Structures are given as structure tokens and as C-alpha cells.
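# Topology and contacts: notes
The residues making up each chain are set out below.
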Amino acid sequence: MISSLLERKIEKRPDKVRLQGRILFLTEDPELIKRQLSGEDLAWDTKNPAANNPKLRDDISTDEITPAHYCFYFDETLGEIPYLGLKCGNVTPIGRSDVKRGGFVCAVSGKRRGKGSSREQSPYAEMCAGIRVVIAENIERIYKQNCQNLGLLTSTNFSLIDRIRNGEEISLREFTEGEDEITRQVIEYGGLFTFNVARMQGKVFLPPIQTPQRSMTLAEKIFARHMINEKGGVGVQSVKPGDTGFARADLRFSHEYVTPMAAIFFEHYVGKDAKVNDASTILFFRDHLTFLDEVISEEKKKLGLLDLATQLKLKQQDFAKKQGIRLHGELTDRKGSEGICHSIVLESYALPGQLNIGSDSHTPHVGAIGCVAFGIGTTDVFNSWITKDVRVRVPESVKIVVRGKRHPNVTAKDFILKILSLDYVRSGKALAKVMEYAGEAIEELSVDERATMTNMAAEIGGFTGIVAPDKKAVDFLVERRGLDRAKAEAMTEGLYSDPGAQYAHVIELDAAEITPMVATPGDPGNGKYVRELNTPVPVEIAYGGTCTAGKNEDMDMYALVLADALKHGKRIAESTKFYIQFGSQETRDYCVRKGYLDVFAKAGAHVIEPSCGACINAGPGVSTRPDQVVISAQNRNFPGRSGPGQMYLASPLTVAASAVAGYIVEYEPSETRAAVSV
């Protein structure tokens, strides 16, 4: 494998680019988009934009660029579907192949472009539709890195609009300015794979990390242990924010949405008979589409999307078998999967102090036990199969301190929804930073609850989330994983932030001031207290599950509320369906041992085997009508992500209580929170 790559001819792209084509402005006004698709070129004033230009759409998610069900494609067919899920008001103005037919070379939007999933299908779809550059006020880290890896140019410089429109030559420096040395070269070589081949051939310059000893944050310490040094070994004395290089990964994983495209890239660019580097540290998961056939529409079946989804599964199976890679797949005796990737990685694999990478934006889940774990795109995945490392620019850290004692009906989900509602986060200032959670209220949380906080660092737009491992982390490893206590304690030594560590920002919250939260439809950042809802909000569907809310302690919460309801002669409201989905078979077994399945059945809840399911519009619990109201314990409520309905996000306690009431309510325990006895 290596010898063939060493002989490969690799060249940089030209120093100047000329982008000849039209510009698509993704505006809030759907009529303006439709006019552009019909051939009209919008006027755009780069000198006085605030006064003369229409409002651009902010917060465009990857769910809107490539709706989940279209990601069953993993070839150039994706060029027919960019922005099919883009919502402007209540309108989705862009149809299939509209962008490709329009001759657009540039797409322009507002703040936080590309938030959400780490799917590389989004920039790949844009590229295949003819887009060569995307411009936005700020751009989410994973999406931006995916663009760079593929060779799609990105910029926050709106003055480029006139130059593109005039067909002028633009220096490549316009797109590399402000980037670190490695990212600059990735852009110059037109993508990560060609850069990595040039790296193997000794053609690129890798700046050595020579940061002198300094006080470091927890994340910085873990990065320092994993960065490739100038001798080719692993580990450097210290790092600081902005240091760039490659970090050796302890664990690399992907799921059926990403593995097939990465496998095709690998076979095409490296060779059909080539072997991955150290298959024992790679994991595959079949966890996203297990229940798709139960909810996919007849229209989508006619488009062949269900058949395509099956091809994803088969391609992953074949590649895993060929490469000798462990695949956590579907159950053989009943419908469902072994578990969601994040759940299984936390339960069975991740260890304190590791650096783990995965093909999903919620990879930070395992930061709950003191890992640096982050999501990467398809090209990063397939390149890591060759090099066993990943490109890293050491991020700044934000310290989020939650002090005091929380109320009995308040959970980690309420904490994170409160954090997401803060101006610092909503303005994009937390983008690409490490979220380090600390304070008495965080220390009091279990590892399962901490995982909710680290998991939803993805919704913040952060690089990752992390909690310093302590006795609770050690207990988790001993009790849930069977590790020797002395070995588990040794793993946590030194894994804390130094007293003099520097942070980009510190957020301080008082747990006592936080009451149960919801995020209103459209964005996880739309947080408000349940008691601030002016009128009762009836719910037709309540959903408890996913990686964020399908853990053991989440099941404790659903069971607590439902057992309490049964004691008072209540069940799930007749107007509401309540779905409870396990995150893993381990959690299902836990529920069996605790007697929770009886509680769920008696209360009228529908129990589902593990899978990502409704969270990605691929299982029971999805909405089917725009007016349908859903309350969900999942992590995202972007438009269209889980069906066309109106989705509120909330904690497991609030979701279960609302399922019983039939409308959104706080859970009011009849007695202090305690273990459920059946």
C-alpha cells in the first residue's frame, strides 16, 4: 500500500483560481431563491450590505443541505440534491437538480453554516452540483474541514462576491489566509488525500510543535500526549491553542452512513487489495438505519431509497469482512442493532486520556470519562485508515462551571439546553472550542449524565466536550466495564486542568437558578424554561431514546416518572404515543434486570430495540404532519430532521411527564428522587 502511494504523481493546484459561474444567495425569502433558480442573478451590495441586501439564512444545518434519507447515495448522484431540505419560513424552495441546472459556482449564506452532523455528503453534494466555493459569516468546524478535505473552497470574505461575479482570477492565498500551515497545504494540494500522499513523499512542510512547558487544560494535556513529534514518534512536551499537526488516534470508528463512501474512496485511491493500518483499533457500526423500513414513505421507496440503504449495510459488511474489522451489527434473533456507536464506545471501549475519532458529530459523547473525542468526515476517516492519525489544530477551551445544587427535576439535559441558549453560544463564539465542564453540579452527575453534556457539545458547535475523570469515572470503569480498580485509577492520574491553564472564556451558572427547560422547534438553541410557555402545548408524540437519552440513567428517569404515574392511577395520555428506545443491548439488559419493561408496558409506552431511529427520521417516533407536536429527549430539532412536525427538546423527566399529561409539563416528583422499585 505504502509503496504504491510513494510512486503516485502528486501536484498542487494552480496559484490562481477563476470561478466562472453564477452565485446562489441562500436568503430567508423563498421567493428570492426561486427567482435565482429561474435564472435571475440577485443584485448584491458588498459595500453597504446591511442597508441594501436581503437577509441571508443563518444556521443552515447539514440536515438542510443533504436531508438524511438522501445520504443513502454515496456517489455523484448527490449532486442532484444539495439544499433540498433548506427551509425559508415554512417553504423548501429548492427542488432536485435545481442547483446543478442553475450553473452556480458559489453559494452564500449567513452565520453558522454547516452546523449539525459531520456528514461529508453535504459538501460533496455541493461540489457535485458545481459549487466550487462557499461563503458565510462563519462556518462550523467539521463542515469546513470536510470542504477542505474534498477541495471545496471556503471563505468568510464577502468582498469575493464581486470578483467571482466578474470572472476575475483570485489568488489561492485568499482562501488560505489565516489558516495554519497544514491546512494551507491541504487547500493547496486540493484535498486531504493528495496532501497525505505528498506528506508520505516528503513534499510538504510539517511545522514541528515546539511549545515550551506551560500550564495546560485537560484537553491540551491529552493532545500533547498524542501529537506526532518531529522524530515521527508520539507525544510532545506541551501544546497551545493554534499548534497544528497530526494526532495518533487510539480508536477510529464509523457507521453505515459513512463507511461505504470511505471504503469506496479507499479502494479507488489506495487499491482494492490494500489493507487498512491496524484493523484492531477500527470499529464499524450498523446503528442508524435498522428501522428505516417502518417509517420510509412509499414515495421514497419508489425512488429506490430503501434499496440504497440496504446497499450501505452490505458494503460495510463486505469491507469489514475483507479487512478483519469488528462490526457491531444487527441482531440475529430480532429486529434492532447491538447498539448506537456512541453508547457502545462509552460502555465497552473508550478509556480516560485517549484520543478517539468517529464519523459522527456526537463522538464527544465519551468525553464523559475524560477522553478527547471528536467527529470527522468521510475523507478524514479513510485517510486515518492509511495513517492512523488525524489532522488537528489544537483548539481553545471554554470552561463551563455549573455550581451549586440542582433541583430534583433538573437533569444534565436542562443544563445543556440552558448553555445552548446563552448569547455566547448562539452568536457562534464557542465554535470549534473545547467545552470543559466543571463545578459541583457537574461533579455530582453520573457518567451517563455527563455524557449528555459532552455529547451535546456538538450542538454548541464545539470541537469536543470533556469532564475531568474522577472517582465516578473510575467506578463506571470498574462496575460497568469490569476493569481493575487500581488500573482504572492509574489511567486518570494527571488528567485535570492545571491551575494556571488559560481559557478563551469562562461561563458560570448556578444550578439552583435552572428549572426544567425545553428547546422550541427549529434549533436546540431555542431554549426556554417550561414554565415560560404561555399556553399549554399538547403533544402527540413523546420520544425517549438516541445516544443522548437512551443510556441506563435515562431509563431510570423514564421508569421513575411512569412508576410514579401508575401509583396515582395514571398512564400515558390517550392523545399521546410515548416511544422509549434503548441506546444499546447493555441498556436493554439493565432495564430487564430492573423490571423497567413491566413499568413501561403497564404505562402504555412503546419499547424499541436499539438504533438511532427517530432522531434521524429513520424509525418509530418520527412525525408525519407539519402540525404534529413532538417532545423528544434527542439532541437536535433542526427543521425536517425527524419528520415535518414541530419538535421540542427536553430532558427524559420532562418528556416522560409530558407523555403522561398529554402536554408539555415539568415533572413534579411526589417524593424525593429515588431508585424505582417495582
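Sequence order as written defines the numbering, with residues in each chain counted from 1. Only residues with pLDDT of 70 or above have their local features reported here, since the model is predicted, and side-chain atom pairs are shown and tallied only from 80 upward, although totals for entire chains, interfaces and linings are computed over all residues. Side-chain metrics in this entry use all non-hydrogen atoms of the structure; hydrogen atoms and water are not considered.

## Some points on unusual backbone geometry
What counts here: The helix count covers DSSP runs of H or I at least four residues long, the strand count covers runs of E at least two residues long, and both are numbered beginning at the N terminus. When accessible area is computed with a 1.4 Å probe and restricted to protein chains, residues below 20% of their type maximum are described as buried, those above 50% as exposed, and intermediate ones as partly exposed.
With a phi angle near 55 degrees, Arg112 is a residue other than glycine that sits in the positive phi range. Of note in the backbone geometry, Asn617 takes a positive phi value of approximately 65 degrees without being a glycine. With respect to the helices and strands, Asn617 occurs in the loop between strand 22 (606-608) and strand 23 (629-632). In this structure Asn617 comes out as partly exposed when scored by relative accessible area, which is 21%.

## A few points about the packing of aromatic side chains
The line we're drawing: Here is the rule: rings of Phe, Tyr and Trp (six-membered ring for Trp) pair when centre to centre is within 6.5 Å. Planes less than 30 degrees apart are stacked, more than 60 are edge-to-face, and the remainder are tilted. Lysine and arginine charges are scored as sitting over a ring when NZ or CZ, respectively, is within 6 Å of the ring centre and within 35 degrees of the ring normal.
Evaluation of the coordinates by the stated rule reveals 20 aromatic pairs. Between Phe253 and Phe285, the aromatic rings sit 5.8 Å apart at their centres with planes inclined by 85 degrees, giving edge-to-face as the arrangement. Taken together, the positions of Phe253 in strand 8 (residues 251-255) and Phe285 in strand 9 (residues 282-285) put the pair 32 residues apart, joining distant regions of the chain. By relative accessible area, which is 5% here, Phe253 ends up buried. The exposure class assigned to Phe285 is buried, which follows from its relative accessible area of 0%. With centroids separated by 6.2 Å and ring planes inclined at 65 degrees, the aromatic side chains of Phe265 and Tyr269 adopt a geometry described as edge-to-face. Of this pair, Phe265 and Tyr269 both sit in helix 13 (residues 259-269), four residues apart, which is roughly one turn of the helix. Three or more aromatic residues joined by ring pairs make a cluster, and in this case those are Tyr124, Phe193, Phe265, Tyr269 and Phe382. One residue, Lys221, lies across the ring of Tyr496, its end atom 4.0 Å from the ring centre.

## A short note on the sheet that holds strand 16 (residues 464-467)
For clarity, the cut-off: Any two strands between which DSSP finds at least two bridges are classified as paired. Fitting a line to C-alpha atoms yields each axis, with helices limited to the stretch in contact; the angle taken between N-to-C directions then spans 0 to 180 degrees.
A sheet is described by the order of its strands in space; here four strands give the open sequence 16-15-14-17, paired in parallel fashion. Either end of the sheet is taken by a strand with one partner, and the two such strands are strand 16 and strand 17 (505-510). Across the sheet, the axes of successive neighbouring strands diverge by a mean angle of 20 degrees, strand direction being ignored. Pairing of strand 14 (residues 397-403) with strand 17 involves six bridges; the strand directions are parallel.

## As for helix 29 (residues 652-661)
The element helix 29 is extensively covered by neighbouring structure, given that nine of its ten residues are classed as buried. Count one or two residues on from helix 29 and you reach Gly662, which has phi positive near 90 degrees.

## Thoughts on the pattern of salt bridges
The criterion, for reference: What makes a salt bridge here is a side-chain nitrogen of Lys or Arg within 4 Å of a carboxyl oxygen of Asp or Glu, nothing more.
What the rule picks out here adds up to 53 salt bridges. In this structure, Lys115 and Asp59 form a salt bridge, with 3.5 Å as the shortest nitrogen-oxygen distance. Of this pair, Lys115 sits in the loop between strand 3 (104-108) and helix 6 (121-128) while Asp59 sits in the loop between helix 3 (49-52) and helix 4 (62-65), placing them 56 residues apart in sequence. A relative accessible area of 3% places Lys115 in the buried class. For Lys315, the salt bridge identified is with Glu267, shortest N-O distance 3.0 Å. Linking Lys315 in helix 15 (residues 305-323) with Glu267 in helix 13, this pair joins segments that are 48 residues apart in sequence. Relative accessible area serves as the criterion here: at 22%, Lys315 is assigned to the partly exposed category. Among the charged side chains, a network of salt bridges with common partners joins Lys12, Glu181, Arg184 and Glu188.

## Some words on the environment of Arg112
Heads up, the rule is: The contact rule is simple, with two residues in contact once any of their heavy atoms fall within 4.5 Å. Polar contact is the term for a pair of N or O atoms within 3.5 Å; when the atoms are in protein, one must be able to donate a hydrogen and the other to accept it, and sequence-neighboring residues count only if both atoms are side-chain atoms.
Mapped onto the secondary structure, Arg112 falls in the loop between strand 3 and helix 6. Sequence separation between Arg112 and Glu31 is 81 residues, and the spatial gap between their C-alpha atoms is 23 Å. Apart from the residues lying within four places of it in its own chain, the contact partners of Arg112 are Asp59, Ile60, Asn138, Glu140, Val425, Arg426, Gly428, Leu431, Glu459, Ile460 and Gly461. There is a polar contact of 2.9 Å between the side chain of Arg112 and the side chain of Glu140.

## Examining the sheet that holds strand 20 (residues 541-544)
Reading across the sheet, the seven strands line up as 19-18-24-23-20-21-22 and stay open at both edges, with mixed pairing between neighbours. Looking at strand neighbours, the two that pair on one side only are strand 19 (527-529) and strand 22, the edges of this open sheet. If you compare each strand with its neighbour and ignore which way they point, the axes differ by 25 degrees on average. Examined bridge by bridge, strand 18 (residues 517-519) and strand 24 (residues 646-650) share two bridges and lie antiparallel to one another. Paired with Ala519 across the two strands is Leu649, which belongs to strand 24. Contacts from helix 18 (residues 412-420) reach strand 18, strand 19, strand 23 and strand 24 within the one sheet, and its direction differs from that of strand 18 by about 55 degrees. Contacts between helix 26 (residues 552-567) and the sheet are confined to strand 20 and strand 21 (577-581), with strand 21 contributing the most and set at about 145 degrees to the helix.

## Regarding the side chain of Gln121
By the secondary structure assignment, Gln121 is in helix 6. Under the relative-accessibility criterion, Gln121 is labelled buried at 1%. Only 3.1 Å separates the side chain of Gln121 from the backbone oxygen of Tyr257, close enough to count as a polar contact. With residues up to four places along the chain from it excluded, the contact list for Gln121 reads Thr66, Cys71, Tyr73, Leu78, Tyr257 and Met261.

## Examining the confidence of the model for the protein chain
Our working rule: Per-residue confidence from the predictor is given as pLDDT, running between 0 and 100.
Per-chain confidence: the protein chain averages 94 in pLDDT, with 98% of residues scoring 70 or above. Contacts of residues 672-678 to residues separated by more than four positions or lying in other chains number 16 contacts, the stretch itself having pLDDT below 50.

## Looking at the side chain of His328
Mapped onto the elements, His328 comes out in strand 10 (residues 326-328). Exposure remark for His328: the relative accessible area of 5% places this residue in the buried category. Side-chain polar atoms of His328 contact the side chain of Glu338, separated by 2.7 Å. Each residue touching His328, except ones within four places of it in the same chain, is listed here: Leu283, Phe284, Phe285, Arg286, Glu338, Ile344 and Tyr349.

## Section: the packing of helix 27 (residues 585-594) against helix 28 (residues 596-603)
Our working definition: If an angle is under 35 degrees, it is roughly parallel; if it is over 145, roughly antiparallel; if it lies from 65 to 115, roughly perpendicular; otherwise it is oblique. Amino acids are sorted into nonpolar (Ala, Val, Leu, Ile, Met, Phe, Trp, Tyr, Cys and Pro), charged (Asp, Glu, Lys and Arg) and polar (every other residue, Gly among them).
Running from amino to carboxyl end, helix 27 crosses helix 28 at an angle of 85 degrees, the nearest separation of the two axes being 5 Å. Between helix 27 and helix 28, the crossing angle belongs to the class labelled roughly perpendicular. On the side of helix 27, the interface is formed by Tyr590, Cys591, Val592 and Lys594, while helix 28 contributes Tyr596, Leu597 and Phe600. Looking at the contact of helix 27 with helix 28 residue by residue, the class counts come to six nonpolar, no polar and one charged.

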